[in-house]
Structures are given as C-alpha cells and as structure tokens.
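Listed here are the chains, written in short residue letters.
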Amino acid sequence: MIKKRFISMLVLLAAVATGAMAQETYKVSVKEGTEDATSWQGKAGEGKYQALPLEGVAANTAVSVKYNGTKKVKSVKAKKKAAASLIVNPVVGQIIGSDGKNYDANATLPDGVTKVAMIAYLGNGPDCTNGLTIQLNASPESKNWNDAKTYASDLTAVPGGTWRLPSKADWQNMFVGCAKSGDAGAGNTMNPIAGFKEKIGATGITWQSNGYWSSTDSGSNAWFVRVFLSGGNAGAFFSENGTSNPCNVLGCLAF
C-alpha cells in the first residue's frame, strides 16, 4: 500500500500590471485532467489551505500547494496560463501586430508595433480554436526540418496565440482560407493560389517564390510546400524533402 505523501511548493508569482491603478490577479489551479485532482489544496500567503482553484491571488504573493492523496508525486511545475487573445472580429487578410491585435492590411500601426503575421484562415481547424495566421517575414536562414520546428515554436509570443511550424493541413487551410474564384489550394500537383498571393501583397510584404517546410512527415522524409508567386500566375504544390536538408521556414500562429 502506498503511504500518503505530502508535498508543498512555494511559488512567487510575477508582478504584471494591467494599468496604473489596477493589478492583474491570478488563478491557481491543477491542470485539467489531472488524476486525483481533489487531493490537492493550496493557500495564498498566510491563509488557510483550501481546495483548488484559488481565485484572485495578487501578483508577488507566495503560494503553497499541498497533496494529501495516495499517488506518488514525482514533480510539481508552476506555469502561467497564456494570455487571452486580443484579436477582435478577425478578417482574412488582416495583419497581426507584435502587440497581438489585428489591423487592416494597410493600416498605420501604433508606434513600436510591427507586422508579424497575416490572418489566412478562420475556423476551428486542426489544433486551432479560431483560425491561423502565417508569419510575414521568413527566417533569414534556411534550416533542416528539426531546426525549423524549433525556430517556429520559439518565435516571440503573441497574446492568445501559439506559434508552430505549419502542418500540411495548415498550409492547405490557409490557401483555401484566402482563396478567390478559381483557386484550389495546394495538392501534389500545381494548384492556383492567386487569393493567397494578393492578400500577402496587400500587407506590403514581398514574398519570393520558394519552398517552405511543413511539420508533417512522410515516413523517412517530410513535406514542404513549393510556392510560386512571381509572374501572372501563382500556384503551390507539396513535395518531399529529406529532413536533414535545408529549406525555408515560416511560422504559423494558431489562435
């Protein structure tokens, strides 16, 4: 029989101000789906232990959590939940600024805010709740497949969004999400993506015809999408590339 184990953890929450007169508060909870979750308790400061979650915990408050169940606790990790999305009434073709907000493609951005991505798909697709955006400026260097995935996931955080290397399905959704009459997304043969080209062009960012990694493997290789944007026609198709070979990289922001 496993004996009861008690564990406590001291967490110093980061100070985050939401305004001159207001301060952000925190909710301390057990990760959703945790086994034996009712056996965890917590206290803020010198308060008494109580069932989780703890609500309204002020920044810079010492928090202790305790487990009194029968499981063996290997480790405890504190993690701040991602901020809520700042995107309001999104439209395909709008850009996402470095502040996490959406703007019209040709809008003048506030001082200090730069264009980081373009909304290319709206909908509940694979691993996204509201839509997908594509990074506007590719990595300055081509990378192998594993380094490409790391590069994309490590892009500067945007509130309410998660960066990743776009999957094959992500690329297809974004091409179709931007489509105009006659477009067909991308397959293993050349398909027109004129709408995608137009919307990228409207942001003022110039893309080059190139190949860009996807996160989808194909056995011993991985898929990349070959995008043609020069001339009167625009098209794309998927092909395979060895994972150790270099290819261009664009991140995808799921929100």
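That block above? That's the structure.
Residues numbered from 1 in each chain as written. Predicted model: local features only at pLDDT ≥ 70, side-chain atom pairs only at ≥ 80, totals over all residues. Heavy atoms only, no water.

(A) Fine view of helix H2 (residues 168–177). For H2, the full list of buried residues reads Lys168, Asp170, Trp171, Met174 and Phe175. All buried residues of H2 project into a common sector of 160 degrees when viewed along the axis, lining one side. (Buried < 20%, exposed > 50% of the residue type's maximum accessible area, 1.4 Å probe, protein only. Helix = DSSP H or I, 4+ residues; strand = E, 2+ residues; numbered from the N terminus. Arc of directions from axis to C-beta.)

(B) Molecular detail of the packing of aromatic side chains. A complete count under the given rule lists 7 aromatic pairs for this structure. Note on Phe196 and Trp207: the rings are 5.5 Å apart at their centroids and 70 degrees apart in plane angle, and the pair reads as edge-to-face. Residue Phe196 is located in helix H3 (residues 194–202), and its partner Trp207 is located in the loop between H3 and strand E13 (210–217); the two are separated by 11 residues in the primary sequence. Take Phe196: its relative accessible area is 0%, and that puts it in the buried class. The exposure class of Trp207 is buried, given its relative accessible area of 10%. Between Trp207 and Tyr212, the ring centres sit 5.5 Å apart and the planes meet at 40 degrees, which makes this aromatic pair tilted. In textbook terms, an aromatic cluster arises when at least three aromatic residues are bridged by ring pairs, as seen for Trp171, Phe175, Phe196, Trp207 and Tyr212. Over the face of the ring belonging to Tyr49 we find Lys66, whose NZ or CZ atom lies 4.2 Å from the ring centre. (Phe/Tyr/Trp six-rings, centres within 6.5 Å; stacked < 30°, edge-to-face > 60°. Lys NZ or Arg CZ within 6 Å of the ring centre and 35° of its normal.)

(C) Spotlight on the pairing of strand E14 (residues 221–228). Both E13 and E14 contribute to a ladder of 5 bridges, which runs antiparallel. Looking at E14, one finds that Asn210 is bridged to Val227. Hairpin geometry of E13 and E14 is characterised by an intervening segment of 3 residues between the two adjacent antiparallel strands and by a positive phi of about 95 degrees at Gly219. Hairpin connection from E14 to strand E15 (residues 235–242): 6 residues lie between these consecutive antiparallel strands, with Gly231 at a positive phi of about 75 degrees. (Pairing = 2+ DSSP bridges.)

(D) Fine view of the sheet that holds strand E9 (residues 115–122). One open sheet accounts for 6 strands, arranged E8-E7-E9-E10-E16-E11; its pairing is antiparallel. Taken across any chain shown, the strands that pair with only one partner, and hence form the sheet edges, are strand E8 (102–103) and strand E11 (162–164). Pairing of strand E7 (residues 95–97) with E9, which is carried by 3 bridges, proceeds in the antiparallel orientation. The residue of E9 that forms the bridge with Gly97 is Lys115.

(E) Seen up close, the sheet that holds E13. In spatial order, the strands read E12-E15-E14-E13; together these 4 strands make up an open sheet with antiparallel pairing. In this open sheet, the two strands that pair with only one neighbour each are strand E12 (191–192) and E13. Where E12 lies against E15, 2 bridges are found, and the strand directions are antiparallel. Bridging across to E15, Asn191 finds its partner in Ala236.

(F) Summary view of unusual backbone geometry. With omega at 10 degrees, the peptide bond leading from Leu52 into Pro53 counts as cis. For Pro53, the location among the structural elements is in the loop between strand E4 (50–51) and strand E5 (54–58). Notably, Asn89 is not glycine yet its phi reads approximately 45 degrees, a positive angle. Relative to the elements of secondary structure, Asn89 occurs in the loop between strand E6 (62–67) and E7. Overall, the relative accessible area of 65% leaves Asn89 in the exposed class.

(G) How the structure looks around the nonpolar core. One finds Ile134, Trp171, Phe175, Phe196 and Trp207 to be the most contacted residues of the largest nonpolar core, which totals 32 residues. Of all the elements in the fold, those that place two or more residues in this core are E9, strand E10 (131–135), H2, H3, E14, E15 and strand E16 (252–254). Apart from residues lying up to four places away in sequence, Trp171 is in contact with Ile134, Pro166, Phe196, Trp207, Tyr212, Trp213, Ser214, Val225, Phe238 and Leu250. With 20 residues, the next largest nonpolar core counts Ile87, Ala152, Phe224 and Val249 among its residues. (Core = buried A, V, L, I, M, F, W, Y, C linked by side-chain atoms within 4.5 Å. Contact = heavy atoms within 4.5 Å.)

(H) Representation of the pattern of salt bridges in the model. Scanning all chains against the criterion turns up 2 salt bridges. In this structure, Arg164 engages Asp170 in a salt bridge whose closest nitrogen and oxygen atoms are separated by 3.0 Å. The class for Arg164 is buried, based on a relative accessible area of 19%. A relative accessible area of 1% means that Asp170 is categorised as buried. Across the salt bridge formed by Glu198 and Lys180, the nearest N and O atoms sit 2.6 Å from each other. (Salt bridge = Lys/Arg side-chain N within 4 Å of Asp/Glu carboxyl O.)

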